[in-house]
Amino acid sequence: MAVKGRDIALRAASAAVLGPAAVAATWIGGVWFLGLIVAASIVLAFEWAAMSAPNARRLIGGAVSFGVVAAVISAHFGAMSVAFVMLVFGAAAAGLYARGRGQQALDAAYGVLYLGWPSVLLIWLRDVDSTVGLHWTVLVFAVTWSADILAYLAGSTFGGPKLWPSYSPNKTWSGFVGGILAGAVAGAAMTAWFDMGRLTVFWGAVLGLAAALATMGGDLWESGLKRRFGVKDAGNTIPGHGGLLDRVDGLMFAVVVVAAGRLLVVMLEKGAS
């Protein structure tokens, strides 16, 4: 129990330091949010390289960073089509670069797509509108953090049968249920609190539930990747949390669901006008 208490305290201390910076950059938006995503993308790229190509992590980390950051900057300037094209070409370039240095080409290429897709969508979600974009970005963070925290607390408190022992032996069904319920509540709360256009509280809860499921899926997916590469954590960037990828693996999947919800709302609003 004492070990778990120290673990929770260390996690809380790390969150207390990093959380306000992320919240401030998200709130201000613009180049500050761009800077947050660029910095996170670079850290994630080098964590990915350390897992997938430990003998060439600097070279592969630089190649993956370049592919992701180029797409993110394009998205910041509103060129979403260009951003997605650059992701594809960035993945191909990183793969060829890795192959030329005796590394796995597919791992490097996948790293660009795996990290780049959610990064570009986060830029689109925040910058789609100065106020509404903030609301939708807050929603995806609130749902992801709620699902992640409640899943950890529920799993630690209640324990019980394992969710998927072969992929993630520490995750339980009690944590899974706690996480998706927390996501639904967070989605409903954010929709009630903020102006989300045509998104009602009920559909906000549905979107929160779907995003929480995606959060759990992203967590399991990264667990599978770590098992494939034979590592316990993606890194040691954040004390008590492991690597940054260990903290945002669920967010990377959840943002796709929330962005799809936002796009649907935009389409409905245009159809009604």
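Just above sits the structure.
To start, this report covers the structure provided alongside it. (Residues numbered from 1 in each chain as written. Predicted model: local features only at pLDDT ≥ 70, side-chain atom pairs only at ≥ 80, totals over all residues. Heavy atoms only, no water.)

Focus on the environment of Ala71
So, step 1. If you trace the backbone, Ala71 turns up in helix H3 (residues 57-76).
So, step 2. Of the residues examined, Ala71 reaches a relative accessible area of 0% and is grouped as buried.
So, step 3. In the structure, Ala71 is positioned 15 residues away from Met86 in sequence and 5.5 Å away in space, judged by C-alpha atoms.
So, step 4. Sequence-distant contacts of Ala71, defined by excluding residues within four places in its chain, comprise Ala83, Met86, Leu87 and Val120. (Helix = DSSP H or I, 4+ residues; strand = E, 2+ residues; numbered from the N terminus. Buried < 20%, exposed > 50% of the residue type's maximum accessible area, 1.4 Å probe, protein only. Contact = heavy atoms within 4.5 Å.)

Some remarks on the environment of Ala22
So, step 1. In this structure, Ala22 sits in helix H1 (residues 2-28).
So, step 2. Each C-alpha atom of the pair Ala22 and Ile37 lies 9.5 Å from the other, and the pair is 15 residues apart in sequence.

Focus: the packing of helix H6 (residues 132-158) against helix H9 (residues 244-272)
So, step 1. As a packed pair, H6 and H9 sit with axes 9 Å apart at the nearest point and diverge in direction by 140°. It follows from the interaxial angle that H6 and H9 lie oblique. The hand of the H6/H9 crossing is right-handed. Contacts from Val132, Trp136, Leu139, Val140, Phe141, Thr144 and Asp148 of H6 reach H9 at Arg247, Gly250, Leu251, Ala254, Val255, Val258, Gly261, Arg262 and Val265.
So, step 2. Looking at the contact of H6 with H9, its residues break down into 10 nonpolar, three polar and three charged. (Axes fitted to C-alpha atoms, helices over the stretch in contact; angles between N-to-C directions. Parallel < 35°, antiparallel > 145°, perpendicular 65-115°, else oblique. Left-handed = near helix turned anticlockwise from the far one by under 90°. Nonpolar A, V, L, I, M, F, W, Y, C, P; charged D, E, K, R; others polar.)

A word on helix H2 (residues 30-52)
At 3.6 residues per turn, the α-helix brings residues three or four places apart onto the same side.
So, step 1. For H2, built from 23 residues, the straight-helix expectation of 33 Å at 1.5 Å per residue is met to within 8% by its first-to-last C-alpha distance of 32 Å.
So, step 2. Those residues of H2 lying buried are Phe33, Leu34, Ile37, Val38, Ser41, Leu44, Ala45, Glu47, Trp48, Ala49, Met51 and Ser52. (Expected span 1.5 Å × (residues − 1).)

Observations regarding the nonpolar core
So, step 1. Ranked by size, the top nonpolar core spans 69 residues in total, and within it Leu115 and Trp136 carry the most contacts.
So, step 2. Going through the elements one at a time, H2, H3, helix H4 (80-100), helix H5 (105-127), H6, helix H7 (173-193), helix H8 (201-229) and H9 are the ones with two or more residues in this core.
So, step 3. With residues near it in sequence (within four places) discarded, Leu115 still touches Leu44, Ala45, Trp48, Val64, Val68, Leu245 and Met252. (Core = buried A, V, L, I, M, F, W, Y, C linked by side-chain atoms within 4.5 Å.)

A look at the packing of aromatic side chains
So, step 1. A full pass over the atoms with the stated rule returns nine aromatic pairs.
So, step 2. With a centroid separation of 5.6 Å and an interplanar angle of 55°, the aromatic rings of Trp48 and Tyr114 are classed as tilted. Here Tyr114 lies in helix H5 and Trp48 lies in helix H2, a separation of 66 residues in the sequence. One exposure class covers both Trp48 and Tyr114, and it is buried.
So, step 3. Between Tyr110 and Tyr114, the aromatic rings sit 5.3 Å apart at their centres with planes inclined by 10°, giving stacked as the arrangement. Of this pair, Tyr110 and Tyr114 both sit in helix H5, separated by four residues, roughly a single helical turn.
So, step 4. Accessibility expressed as a relative area gives 6% for Tyr114, which makes it buried.
So, step 5. Of the aromatic side chains, those joined through ring pairs into one cluster are Trp48, Tyr110, Tyr114 and Phe229. (Phe/Tyr/Trp six-rings, centres within 6.5 Å; stacked < 30°, edge-to-face > 60°.)

Points about a nonpolar patch on the surface
So, step 1. A surface patch of nonpolar side chains, amounting to about 430 Å² of accessible area, comprises Val23, Trp145, Ile149, Leu150 and Leu153.
So, step 2. The element contributing the most residues to the nonpolar patch is H6, with four residues.
So, step 3. Relative to the helices and strands, Leu153 is located in helix H6. (Patch = residues over 30% accessible without salt bridge, like charges linked within 9 Å, V, L, I, M, F, W, Y side chains within 5 Å. Areas by Shrake-Rupley, 256 points an atom, 1.4 Å probe, with all protein chains shown as cover. Salt bridge = Lys/Arg side-chain N within 4 Å of Asp/Glu carboxyl O.)

A word on the pattern of salt bridges
So, step 1. Throughout the structure, instances matching the rule amount to three salt bridges.
So, step 2. Across the pair Asp148 and Arg247 runs a salt bridge whose closest N-O atoms are separated by 2.8 Å. A residue pair is termed long-range when its members are at least 10 positions apart, and Asp148 in helix H6 and Arg247 in helix H9 qualify at 99 residues.
So, step 3. Under the relative-accessibility criterion, Asp148 is labelled partly exposed at 25%.
So, step 4. When its relative accessible area of 23% is taken as the criterion, Arg247 is described as partly exposed.
So, step 5. A salt bridge links Asp246 to Lys226, with the nearest nitrogen and oxygen atoms 2.9 Å apart. Taken together, the positions of Asp246 in helix H9 and Lys226 in helix H8 put the pair 20 residues apart, joining distant regions of the chain. In terms of burial, Asp246 and Lys226 fall into one category: buried.

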